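# A closer look at the structure
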Amino acid sequence: MPSEKELYQISNKLNQVELPSKLNETIRAGMWQAQKERRVRKRRIWSSVAVSFFLLVFFTTVRASPTFANYISGLPGGTWLVELVHSDKGLQQAIEQNYATAVGVSDEHAGLKLTIEGYTADEARIVLFYSLENKKGYSYASMQDLTLKPNEFLAGMSYGEPHDEIANEKMVYGKIDINIHDIDKLPEELTLATTFMLELPTTGKVTNEDVWEVKIPFEKESFLGLKEEYSFSETVDFAGQNITFSDAVIYPTQMSIEFKEDKENALKILSLEELAIENEKGERWEATTNGVISHNHNEWEKTLFLESSYFAEAEELYITASRVRALPKERLQVTFDVKGQTLLTAPRGLTLHEYSEDASYHHFTFLIKMDEELDQSQLFQIFDHQVLDEKGQQMDINNESSYSTRDNSFQEVSFKAKKGNEEQVVFTIIDYPNRIYDEMKIRIK
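A few points on the structure.

Procedures and definitions
Residues numbered from 1 in each chain as written. Predicted model: local features only at pLDDT ≥ 70, side-chain atom pairs only at ≥ 80, totals over all residues. Heavy atoms only, no water. Helix = DSSP H or I, 4+ residues; strand = E, 2+ residues; numbered from the N terminus. Buried < 20%, exposed > 50% of the residue type's maximum accessible area, 1.4 Å probe, protein only. Contact = heavy atoms within 4.5 Å. Areas by Shrake-Rupley, 256 points an atom, 1.4 Å probe, with all protein chains shown as cover. Phe/Tyr/Trp six-rings, centres within 6.5 Å; stacked < 30°, edge-to-face > 60°. Lys NZ or Arg CZ within 6 Å of the ring centre and 35° of its normal. Pairing = 2+ DSSP bridges. Axes fitted to C-alpha atoms, helices over the stretch in contact; angles between N-to-C directions. Core = buried A, V, L, I, M, F, W, Y, C linked by side-chain atoms within 4.5 Å. Salt bridge = Lys/Arg side-chain N within 4 Å of Asp/Glu carboxyl O. 1 Å grid on protein atoms, 1.4 Å probe; cavity = no way out; pocket = protein on both sides within 12 Å on 5 of 7 lines; lining within 4 Å. Points joined across faces, edges and corners; volume = space filled by probe spheres on them. Nonpolar A, V, L, I, M, F, W, Y, C, P; charged D, E, K, R; others polar.

## A short note on the overall build of the protein
Each helix and strand in the protein was counted, giving 6 helices and 28 strands. For the protein, the residues scored as buried account for 53% of the 445 residues in total. When contacts within the protein are restricted to residue pairs at least 6 apart in sequence, those whose partners lie at least 24 apart make up 71%. Carbon and sulfur atoms make up 46% of the accessible area of the protein, which totals about 20,500 Å².

And the structure:
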């Protein structure tokens with residue numbers, strides 16, 4: 001007797017996928033870090049062989065569920081879908097299974113046509129695929145202030161890179177990644193609204209006052225209950241630090257695992273950098289690297305998100321890791337002495353590059369030493385958004401920015417903090433390129 005999953009894979013309802021799980025952030029959750037990383041993320045160029053293979057696998061599913069595959073095949077630029085999903089193996093496998101829904105709803109203003117071409121959805125995540133048709137010769141287009149209504153189900157959302165290639169293409173494509181907090185509150189129809197910052201070759205970038213608005217229908221019944229759940233709890237010693245993994249849930253396009261670190265550990269685990277799921281054949285599904293990558297329940301517990309192995313039909317699954325980013329707990333705070341204009345505490349590799357002040361603000365620029373091999377194409381959110389004085393009072397900060405130096409050997413972090421009568425300014429580190437190495441392997445299936 002075929003399983004529910006197998007029946008679904010061969011049915012005509014293979015047409016919805018993806019949603020990330022139980023996050024309590026606001027709509028903008030996850031966007032700050034994603035936008036910083038995009039400044040230095042190198043565009044990956046896929047070979048014609050890889051593109052052809054993906055399209056061959058995808059379009060051979062037409063006989064099983066023709067709607068989405070046939071719809072996509074009729075759009076200009078046949079490789080756009082490959083580019084949008086290539087960095088997420090689970091999402092790619094879902095699309096190869098034709099697990100998506102064609103939509104084709106549009107709105108047009110000022111010579112720019114926005115179309116929601118389709119989506120994938122499950123109980124934890126929605127991924128919307130959209131196109132922009134450039135009818136007026138714009139040289140740049142970027143979504144601004146995107147909202148969803150109603151949004152009671154929403155946990156977080158991240159959306160597209162600026163489209164600076166739009167001048168050379170008739171149509172450009174992007175995706176909107178939506179995290180679901182309460183699947184019961186997901187409606188049968190969502191209204192998406194956004195403005196655009198646009199640029200013509202003869203003008204500067206200007207936010208258009210028009211609002212592009214589209215209504216997106218959903219058939220929740222087609223994906224409710226599509227998940228694999230594994231209840232377990234195992235504590236391991238990783239480089240002298242006790243960490244616990246438990247309760248994995250595998251949705252069609254995403255996996256979630258609960259993680260907890262021992263409060264008595266000498267090090268604070270900032271990121272499980274080499275975390276992956278591995279099957280009995282050695283095939284790997286890695287931690288999510290864009291959008292929302294985890295959800296913190298408190299200082300010690302979080303939900304981790306990984307690529308989905310849902311369509312792999314693995315007989316065995318293991319959690320593996322060989323490298324994490326961590327710091328001694330006493331090095332998690334960077335303390336700046338205002339009078340002496342020096343750092344009193346800081347982890348190794350972090351220096352105050354420049355400091356100045358005016359009547360209203362302290363101006364800081366820090367340099368953080370990067371690993372030339374591991375940190376080639378990423379930036380870290382080094383500091384928490386809350387900056388305190390010596391009394392623990394929060395200070396206002398703005399104009400924060402992060403860049404890699406020309407040779408990628410340092411990350412530069414700059415911002416300004418509102419001045420008061422403080423004697424010290426205290427920054428808390430939430431991520432840092434300092435690694436520890438070990439090996440772990442936990443069986444979950």
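Now that the structure is up, let's keep going.
## Points about the packing of aromatic side chains
A full pass over the atoms with the stated rule returns 17 aromatic pairs. A centroid spacing of 4.9 Å and a plane angle of 80° characterise the contact between F196 and W212, whose relative ring orientation is edge-to-face. With F196 in strand β7 (residues 189–199) and W212 in strand β9 (residues 212–217), this residue pair connects regions lying 16 residues apart in the sequence. On the basis of relative accessible area, F196 is assigned to the buried category, the value being 0%. Overall, the relative accessible area of 0% leaves W212 in the buried class. A network of ring pairs unites the aromatic residues F336, Y355, F364, F366, F383, F415 and F427 as a single cluster. Over the aromatic face of Y318 sits the side chain of K441, whose NZ or CZ is 4.6 Å from the ring centroid.

## Focus on the sheet that holds strand β11 (residues 241–250)
Hydrogen bonding along the main chain pairs the strands of a sheet, whether they run parallel or antiparallel. The sheet built from 5 strands is open, its strands ordered β10-β11-β12-β17-β16 with antiparallel pairing. The open sheet has two free edges, formed respectively by β10 (228–238) and β16 (294–296), since each of these has just one partner strand. Each strand of the sheet is rotated relative to its neighbour by a mean of 20°, with strand direction disregarded. In this structure, β10 lies alongside β11, joined through 9 bridges in antiparallel fashion.

## Section: the nonpolar core
Across soluble globular proteins, nonpolar side chains show a tendency to be buried alongside one another. Counting 69 residues, the largest nonpolar core has L128, I176, L192, F245 and I319 as the members making the most contacts within it. When near neighbours in sequence (up to four residues on either side) are disregarded, L128 contacts I116, G118, Y119, G174, K175, I176, I178, L192, I216 and F218. Counting 25 residues, the second largest nonpolar core, distinct from the first, contains L270, F336, V387 and F415.

## What about the pattern of salt bridges?
Close approach of charged atoms allows side chains of opposite charge to pair. All chains considered together, the criterion is met by 16 salt bridges. In this structure, the salt-bridge partner of R435 is E273, at a minimum N-O distance of 2.8 Å. Highlighted residues: R435 in strand β28 (residues 435–443) and E273 in the loop between β13 (267–271) and β14 (276–279), separated in sequence by 162 residues. E273 gets classed as buried once you look at its relative accessible area, which sits at 17%.

## So, unusual backbone geometry
K149 connects to P150 through a cis peptide bond whose omega is -10°. When you line up the elements, P150 lands in the loop between β4 (140–149) and β5 (154–159). Here A239, not a glycine, exhibits a phi torsion of approximately 50°, which is positive. Mapped onto the secondary structure, A239 falls in the loop between β10 and β11. Looking at A239, the relative accessible area reads 31%, which means it is partly exposed. Of note, the phi angle at Q341 is positive, near 55°, even though the residue is not glycine. Within the fold, Q341 resides in the loop between β19 (333–337) and β20 (342–345).

## Describing the sheet that holds β5
The strand order β1-β2-β3-β6-β5 describes an open sheet built from 5 strands, whose pairing is antiparallel. Among the strands making up the open sheet, the edge pair consists of β1 (101–109) and β5. Taken over all neighbouring pairs, the strand axes of this sheet differ in orientation by 20° on average, direction set aside. Here strand β2 (residues 112–121) runs beside strand β3 (residues 125–134); their pairing, made up of 9 bridges, is antiparallel. Paired with T120 across the bridge in β3 is V127.

## Considering the layout of surface pockets
Approximately 240 Å³ is the volume found for the second largest pocket. Lining the second largest pocket are 13 residues, and of these R348, Y432, P433, N434 and R435 lie nearest its centre. A class-by-class count of the residues in the lining of the second largest pocket yields 6 nonpolar, 2 polar and 5 charged.

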